[in-house]
Amino acid sequence: MKRPSIRWTLSGVAILIGVAVYGIMSATGFYSKPWQELLLNLSFVLAAGWSAWRASRLWRRFVPTDSPRRIWRLFAWGLWCWAVAELLWALLARIYGEAMPVVTIADLSWVVGCLILLIALALQFRVLHRLAAGQFWGLLAVALGVLLLLSGATAFLAPQMLETELTRGELFLLAFYPLADLLMALGALHAARFFGQGQLGRAWYALFLFAVSDALYTWLLSEGIYILAGSSNALTLLTDMLYLGAYLLLGWAFQAQEYLLLYGPRWRHLRTIPQWGFAGADIEE
């Protein structure tokens, strides 16, 4: 069995290769045929599924009495919702082609996933700050209120600042995604300070990359630059590669966090895998 540091490094190399292959295929017109475009879209399904699977493995490392178990279970559920959304979007893109609508049934799964992740983060704050039930629900209500208010303000102001054919409803939803990502990332940045030099909070940092890619997506789509289906362009490709990389980076961080739980803070420097590490893994498997 390879040491955890070697397995983690190999996963990182595979991620770089995967993103590079996606970029090369997209840039060279690999999507010229319908099945080829579907294959590229399915790469997001695989990336989201891998991230959700890694989160599920991390959740199972905690016993039922551990408070982090519920938090990571919700995190995994939220990511599985995103994986379902990616699958729905890929199938709808195959059906609609260049007539792909901006808002689809896949957005329902994305929004549900976002809400589950926000609840997971609020639960993390409850554990860290020992909040009462009323304080927890108050914190969650404030976070959702701010998110909806900012999304609504963006949807109202955007048509006055940009020449866009998108409706205010579409703009509201498109603004919701990067703002939700940013809110979760900022909250996670605060929460990470409470864990041994931030090691147990690093998995949340990948949410910043989601915020960047979703913000680019919203801006490019509102300007009519982003290509939903068919021939791509440089900015569309950049946005998609950042988005794909965000999923993969999140899964990679989960992998590191799992090894941290199994083998301790010096897992990268282990020359052999401790027997207790094996035992813990076998029990959970």
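Structure: above.
Residues numbered from 1 in each chain as written. Predicted model: local features only at pLDDT ≥ 70, side-chain atom pairs only at ≥ 80, totals over all residues. Heavy atoms only, no water.

Enquirer: Explanation requested: the overall build of the protein in the structure shown.
Expert: Assigned secondary structure in the protein consists of nine helices and zero strands. Ordered by position from N to C terminus, the α and β elements of the protein give α-α-α-α-α-α-α-α-α. Among the 285 residues that make up the protein, the fraction classed as buried is 48%. Sequence-distant contacts in the protein: of pairs separated by 6 or more residues, those separated by 24 or more amount to 72%. (Helix = DSSP H or I, 4+ residues; strand = E, 2+ residues; numbered from the N terminus. Buried < 20%, exposed > 50% of the residue type's maximum accessible area, 1.4 Å probe, protein only. Contact = heavy atoms within 4.5 Å.)

Enquirer: Looking at this structure, how should I read empty space enclosed by the protein?
Expert: To find leftover empty space, one rolls a probe the size of a water molecule over the atoms. According to the stated counting rule, one finds one cavity of 30 Å³ or more in the structure shown. Taken as a whole, the largest cavity spans an internal volume of roughly 580 Å³. Looking at the lining of the largest cavity, the elements with two or more residues in it are α1 (4–27), α2 (34–60), α3 (67–96), α4 (106–129), α6 (168–192), α7 (206–222) and α8 (234–263). Within the lining of the largest cavity, the residues separate by chemical class into 21 nonpolar, seven polar and six charged. (1 Å grid on protein atoms, 1.4 Å probe; cavity = no way out; pocket = protein on both sides within 12 Å on 5 of 7 lines; lining within 4 Å. Points joined across faces, edges and corners; volume = space filled by probe spheres on them. Nonpolar A, V, L, I, M, F, W, Y, C, P; charged D, E, K, R; others polar.)

Enquirer: Would you mind going over the packing of α7 against α8 with me for this structure?
Expert: A pair of packed helices is characterised by two quantities: the angle between their axes and the separation of those axes. In the contact formed by α7 and α8, the axes pass within 8 Å of each other and the chain directions differ by 155°. As far as their axial angle goes, α8 and α7 are roughly antiparallel. Crossing hand, α7 versus α8: left-handed. On the side of α7, the interface is formed by A206, L209, F210, V212, S213, D214, L216, Y217 and L220, while α8 contributes L235, T236, T239, L242, Y243, G245, A246, Y247, L249 and L250. (Axes fitted to C-alpha atoms, helices over the stretch in contact; angles between N-to-C directions. Parallel < 35°, antiparallel > 145°, perpendicular 65-115°, else oblique. Left-handed = near helix turned anticlockwise from the far one by under 90°.)

Enquirer: Can you walk me through the packing of α2 against α8 in this structure?
Expert: The geometry of α2 relative to α8 is characterised by a closest axis approach of 9 Å and an angle of 20° between their N-to-C directions. Accordingly, the angle class assigned to the pair α2 and α8 is roughly parallel. The handedness of the crossing between α2 and α8 is left-handed. Residues that form the contact of α2 with α8 fall into these classes: 14 nonpolar, five polar and four charged.

Enquirer: Looking at this structure, I do not really get a nonpolar patch on the surface. What am I missing?
Expert: Taken together, the side chains of L182, L186, L189 and Y205 make up a nonpolar region of the molecular surface, amounting to roughly 330 Å² of accessible area. By the element assignment, L186 lies in helix α6. (Patch = residues over 30% accessible without salt bridge, like charges linked within 9 Å, V, L, I, M, F, W, Y side chains within 5 Å. Areas by Shrake-Rupley, 256 points an atom, 1.4 Å probe, with all protein chains shown as cover. Salt bridge = Lys/Arg side-chain N within 4 Å of Asp/Glu carboxyl O.)

Note that every value here comes from positions in space, so none of it alone points to a role or purpose.
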